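One-letter residues, chain by chain:
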Amino acid sequence: MPIVNLNTFDELGDLANRHEWLLLDFWAPWCAPCKVMNPVMEQFSELNQDTAVIKVDVDQKHDIAAKFGVRAIPTLVLLRRDQFMGQETGSKSLKDLASWIDGLKQKVSQLA
């Protein structure tokens, strides 16, 4: 599934209606750790078709970043539909990213 660039908060609702899992990547063009995360996010998106990867440029969409309480970048937020599941700050390897997300998904399956 291709990575989506989020333009409006309403688009997030549309995406949540079409995808169970949403991974928001809050970033900025000038952020070096964010640049390091770009290939990781691309790989993750290719390997995890069940999770929509959504990039949010905090310089352009500061209102959306504020709604999620983003104070540092890169920040990753995992949603299940419109439900907040977890948030992490800082760059991650593909293995660490997948492990974090898998852990959150397992918690949900255990609660069901």
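In what follows, the accompanying structure is described. All residue numbers refer to position in the chain's written sequence, counted from 1. The predicted origin of the model limits local features to residues at a pLDDT of at least 70 and limits the giving and counting of side-chain atom pairs to 80 or more, whereas totals for whole chains, interfaces and linings rest on all residues. To obtain the side-chain values, all non-hydrogen atoms of the structure were used and water was disregarded.

### A closer look at the side chain of D57
Selection rule: Helix and strand definitions here come from DSSP, where helices need a minimum of 4 consecutive H or I residues and strands a minimum of 2 consecutive E residues; each element is numbered from the N-terminal end. Remark: exposure states derive from per-residue accessible area (1.4 Å probe, protein chains only) relative to the maximum for the residue type, with buried under 20%, exposed over 50%, and partly exposed in between. We count Lys and Arg on the positive side and Asp and Glu on the negative side, and we leave His and both chain ends out. Note on definitions: salt bridges are taken to be side-chain nitrogens of Lys or Arg within 4 Å of carboxyl oxygens of Asp or Glu. Contacts are assigned to residue pairs that have any heavy atoms within 4.5 Å of one another.
Following the sequence through the fold, D57 ends up in strand β3 (residues 51-57). Buried and without a salt bridge, D57 has K61 as its closest oppositely charged side chain, separated by 8.4 Å. Once residues lying within four places of it in the same chain are set aside, the contact partners of D57 are W27, A28 and P29.

### Some thoughts on the sheet that holds β3
We count it as follows: Two strands make a pair as long as DSSP finds a minimum of two bridges between them. Comment: axis = line fitted to C-alpha atoms, over the contacting stretch for helices; angle = value between 0 and 180 degrees taken between N-to-C directions.
The five strands are arranged β1-β3-β2-β4-β5 in an open sheet whose pairing can be described as mixed. Each edge of the open sheet is held by one strand with a lone partner, namely β1 (4-5) and β5 (83-89). Across six bridges, the pairing between strand β2 (residues 21-27) and strand β4 (residues 75-80) is antiparallel. What sits directly across from D25, in β4, is L76. Against the sheet, helix α1 (residues 9-18) engages β1, β2, β3 and β4, with an angle of about 150 degrees to β2. Relative to the sheet, helix α2 (residues 32-47) contacts β2, β3 and β4, its axis offset from that of β3 by approximately 160 degrees.

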